[in-house]
Amino acid sequence: GTEEERDGESDAIGSSAASFAMEVVDAAEAAVVSGAGREMQQWMILGTNLYVAWALFNIALIIARSSSTSIDRYWTLVVFANVGIWQLCAHSGASSLSRANERVNATIAGSREKANLRPTALSESTAITPVKKNTFKPIAGNTTIKVTKVEDSNVNENGDRLPSWVPISSSVFQVRSHGYLTTKKKIPSPGVLYECVAVDCFVSDSRFPEIAPRVRLPEIKFDADEPTNGSGKTWKSPDMFIVSIALPYEAPRFGQSTVDGPGLTFVGYFKMREETRRILRQIAAEGDDPALSGNGKDDPEVDVQKSVANGVRLWEQYCREAPSDPSFQARFKLIPSGNLEEMGCPSYIAKYNGKPVLIKRNRVTGFFDDYRAQGMDVMEFDISLHPFPYLFKQAMAYLKDYFDKTVASFGFVIEGRNDEELPEVVIGAMQVCHIGPKFTVNGEDFFAGTCPKSSAPPKTLSD
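Below is a summary of the structure that appears in this document. (Residues numbered from 1 in each chain as written. Predicted model: local features only at pLDDT ≥ 70, side-chain atom pairs only at ≥ 80, totals over all residues. Heavy atoms only, no water.)

### Some thoughts on the packing of helix α6 (residues 274–285) against helix α7 (residues 309–321)
- Direction vectors running N to C along α6 and α7 enclose 75°, while the axes themselves pass 10 Å from each other. It follows from the interaxial angle that α6 and α7 lie roughly perpendicular. The residues of α7 that touch α6, namely those facing Thr 276, Ile 279, Leu 280 and Ile 283, are Ala 309, Val 312, Arg 313 and Glu 316.
- A class-by-class count of the residues in the contact of α6 with α7 yields five nonpolar, one polar and two charged. (Axes fitted to C-alpha atoms, helices over the stretch in contact; angles between N-to-C directions. Helix = DSSP H or I, 4+ residues; strand = E, 2+ residues; numbered from the N terminus. Parallel < 35°, antiparallel > 145°, perpendicular 65-115°, else oblique. Contact = heavy atoms within 4.5 Å. Nonpolar A, V, L, I, M, F, W, Y, C, P; charged D, E, K, R; others polar.)

### A closer look at the pairing of strand β15 (residues 407–414)
- Here β15 lies mainly inside the structure; eight of its eight residues are buried.
- The alternating pattern of β15 places Val 407, Ser 409, Gly 411 and Val 413 and Ala 408, Phe 410, Phe 412 and Ile 414 on opposite faces, both of which are buried.
- As defined by bridge partners, strand β11 (residues 332–338) adjoins β15 across seven bridges and the pair is classed as antiparallel. By the bridge assignment, Phe 332 is partnered in β15 with Ile 414.
- Bridge analysis of β15 against strand β16 (residues 428–433) gives six bridges, and the strand direction is antiparallel. The residue bridging Gly 411 from the neighbouring strand is Ala 429, located in β16. (Buried < 20%, exposed > 50% of the residue type's maximum accessible area, 1.4 Å probe, protein only. Pairing = 2+ DSSP bridges.)

### Digging into the pattern of salt bridges
- Taken as a whole and assessed by the stated rule, the structure comprises 12 salt bridges.
- A salt bridge links Glu 424 to Lys 333, with the nearest nitrogen and oxygen atoms 3.1 Å apart. Of the two residues, Glu 424 is situated in the loop between β15 and β16 and Lys 333 in strand β11; the sequence distance between them amounts to 91 residues. Taken as a pair, Glu 424 and Lys 333 share a single burial class, namely buried. (Salt bridge = Lys/Arg side-chain N within 4 Å of Asp/Glu carboxyl O.)

### Brief notes about helix α10 (residues 390–399)
- Along α10, the residues classified as buried are Lys 393, Ala 395, Met 396 and Leu 399. Along α10, the residues classed as buried sweep out an arc of 155° about the axis, all on the same side. (Arc of directions from axis to C-beta.)

### What to know about the state of the cysteines
- Within this structure, the stated rule accounts for zero disulfides.
- You can see Cys 201 has no disulfide; the closest cysteine sulfur is in Cys 433, sitting 10.0 Å from it.
- For Cys 433, a relative accessible area of 1% translates into the label buried. (Disulfide = S-S within 2.5 Å.)

### Some thoughts on the layout of surface pockets
- Counted as a void, the second largest pocket has a volume near 770 Å³.
- Pro 336, Ile 349, Tyr 352, Phe 392 and Met 396 are the residues nearest the centre of the second largest pocket, which is lined by 32 residues in total.
- The set of elements that each furnish at least two residues to the lining of the second largest pocket consists of β9 (240–248), β11, α9 (347–350), α10 and β15.
- Considering every element that reaches the lining of the second largest pocket, the biggest residue donor is α10, with five residues.
- Split by residue class, the lining of the second largest pocket holds 23 nonpolar, six polar and three charged. (1 Å grid on protein atoms, 1.4 Å probe; cavity = no way out; pocket = protein on both sides within 12 Å on 5 of 7 lines; lining within 4 Å. Points joined across faces, edges and corners; volume = space filled by probe spheres on them.)

### Some details on α7
- Here α7 is 13 residues long and its end C-alpha atoms lie 18 Å apart, about the 18 Å a rise of 1.5 Å per residue gives.
- What α7 keeps buried is the set Ala 309, Asn 310, Gly 311, Val 312, Arg 313, Leu 314, Trp 315, Glu 316, Tyr 318 and Cys 319. (Expected span 1.5 Å × (residues − 1).)

### Observations regarding the packing of aromatic side chains
- With the rule as written, the count across this model stands at 20 aromatic pairs.
- With centroids separated by 5.9 Å and ring planes inclined at 80°, the aromatic side chains of Tyr 194 and Trp 315 adopt a geometry described as edge-to-face. Residue Tyr 194 is located in strand β7 (residues 194–204), and its partner Trp 315 is located in helix α7; the two are separated by 121 residues in the primary sequence.
- Ring centres 5.4 Å apart and planes at 90° place the aromatic pair Phe 202 and Phe 447 in the edge-to-face group. Here Phe 447 lies in helix α11 (residues 443–448) and Phe 202 lies in strand β7, a separation of 245 residues in the sequence.
- By way of ring pairs, the aromatic residues Tyr 194, Phe 241, Phe 270, Trp 315, Tyr 318, Phe 328, Phe 332, Phe 368, Phe 381 and Phe 412 are connected into one cluster.
- Stacked on the ring of Phe 367, the Lys or Arg Arg 207 has its end atom at 4.4 Å from the ring centre. (Phe/Tyr/Trp six-rings, centres within 6.5 Å; stacked < 30°, edge-to-face > 60°. Lys NZ or Arg CZ within 6 Å of the ring centre and 35° of its normal.)

Any functional reading would require information that these geometric values do not contain.
As structure tokens, then:
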């Protein structure tokens, strides 16, 4: 609580209300189907009408409390308020019945198609269009250009201008030092566990979760005697780690979803470094004894503040426990920074530059997925900033006009909470620039295969 960190997360009321509304709709649909077509007499207030009804109800209460309101006027007001709210209600029976008929039609159509029969609709006005599952997978990293300096051109060989990304040193990020609980001192990260090998950047109408199964990942190779893809490995840390950040860029509006919407997404693909693998082998061989893993605490020849051994051990523990332990998963930190002062941003925005953000709400703002059961030695952490508070979204809407000039850096850390877990070490880092809407590709087109940059040959990454 004493560290200058902001989790920036909004109250869970909005997301809980959204979940409740979805449960109501699902229940209505189930009742329609089980009732053999009988229409449900269910009414609800949706979208902006809910806010109008809320305002109308409160106005009625305020006027009713007035000492000048007579009994006749009071009952007139009650009738008026109830009639107004009734007018705002939507009858969901017809729409639920329609959706139920569409589902039954789709089932019948599928069965008849297998039997080579002509499909028959339940009603003359209902038309069933078969939906084909999109099996196209674009190449990871084909929405950006890798450059060596921010000033380098972001024009590719075809003359297209795209966002660019730059390899960045982890030392630009301030992390907790060994002894932080006593000294409250932060230091530049002593190292990095994974190196960035590709970056994607796209705009979309809604968030794209679970990136790993959607793209063709870079093929990563290690030394000939190194275990890969889980074969012969004695540790849980993945060969590849993916982080996506979904950033809203529109000002919030009444009636608009608070958990999703239009925005900009950054995706970083990170390959485990050889030093990380060496320490993992040592930790596995020595039974995870901190005194034997080279953290430097008892060795005067080693500066503990420059050792990454404790950070590797904490990361390995995170990979073992976080998939099944939401409280441990909530220790994932995002450290964003950018050239905000150079762009002339207001101080109320710039003061958060470089401050770590705890991604605490499991399956709301943070989504941790393990794909090893699917044959991929990959783990992924998706960050959604859409549920963040109103003021944050207003700030992002303000910054949208400056995205063309923005240079944004992102570092990722697991929060260390005792000296055996400190100093903290950056897991991976990336820096992106030229991220304005006129440069970024459309996410829907990218994943559908209609984006020209989706057809490049696959890449092989090796040491």
